[in-house]
Amino acid sequence: MDQKQQDIMEFERNRNQLLTVSAQKQQLQFQAAAIKSALDELEKTSEKKVYKAVGNILIQAPVPDVMKELKDTKESTDLRVKTLQKQEEAIVSKLNKLRRQIEGKGSA
C-alpha cells in the first residue's frame, strides 16, 4: 500500500472520529441548555422545595440544594464541551493537513 492510500485511510478514520466527537459535543450542548433552563425556572420559583428525579423516582429537595447540584453539573458539562471543542479543532486541523497531502499540495 502506498503512502497516498495510507493517508486516505487515515483521513477516513479521522473523519469518522470527527463525526463522533461532534455528536458528543452537540449532545452535551443540548444537556447544558436543558440545565440552564431548569436553573432559570428555579430562580423564578417561590417554592422552598421541588421534586428532582433520582433514578426512577422523584424526591423532594430544597431549592438551594437542587440549584447547587445543577450548577455543578452545568459547570462539568461546559468543561466537557470545551474539551470536545478542542478535540474537534485538532481533528479538523489534521484532516486539512491530510487533505493537502492527498491532493499533492503538502509534504507527501
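Predicted model, so just to flag it, every value in this text is computed and none were measured.

Moving on, we come to a nonpolar patch on the surface. A cluster of nonpolar residues, Val54, Ile57 and Ile59, forms a patch on the protein surface that exposes about 230 Å² of accessible area. Within the fold, Ile59 resides in strand β2 (residues 57–62). Classification of Ile59 by relative accessible area gives partly exposed; the value is 32%.

All right, on to helix α1 (residues 3–44) then. With 42 residues, α1 should reach 62 Å at 1.5 Å per residue; the first-to-last C-alpha distance of 61 Å fits that figure. Residues of α1 that are buried include every one of Asp7, Phe11, Asn14, Leu18, Val21, Lys25, Leu28, Ala32, Ile35, Leu39 and Leu42, and no others. Structurally, α1 contributes buried residues whose contacts are with β1 (49–54) and α2 (63–102).

This next bit is on the nonpolar core. Within the largest apolar cluster, 10 residues are counted, these being Phe11, Leu18, Val21, Leu28, Val81, Leu84, Ile91, Leu95, Leu98 and Ile102. Elements with a contribution of two residues or more to this core: α1 and α2. Broken down by element, the residue count for this core peaks at 6 residues, all from α2. Ignoring sequence-local partners within four residues, the contact set of Val81 consists of Lys25, Leu28 and Gln29. Core analysis: the second largest hydrophobic core is formed by 9 residues, Ile35, Leu39, Leu42 and Ala61 among them.

About the criteria used
- Residues numbered from 1 in each chain as written.
- Predicted model: local features only at pLDDT ≥ 70, side-chain atom pairs only at ≥ 80, totals over all residues.
- Heavy atoms only, no water.
- Patch = residues over 30% accessible without salt bridge, like charges linked within 9 Å, V, L, I, M, F, W, Y side chains within 5 Å.
- Areas by Shrake-Rupley, 256 points an atom, 1.4 Å probe, with all protein chains shown as cover.
- Salt bridge = Lys/Arg side-chain N within 4 Å of Asp/Glu carboxyl O.
- Helix = DSSP H or I, 4+ residues; strand = E, 2+ residues; numbered from the N terminus.
- Buried < 20%, exposed > 50% of the residue type's maximum accessible area, 1.4 Å probe, protein only.
- Expected span 1.5 Å × (residues − 1).
- Contact = heavy atoms within 4.5 Å.
- Core = buried A, V, L, I, M, F, W, Y, C linked by side-chain atoms within 4.5 Å.

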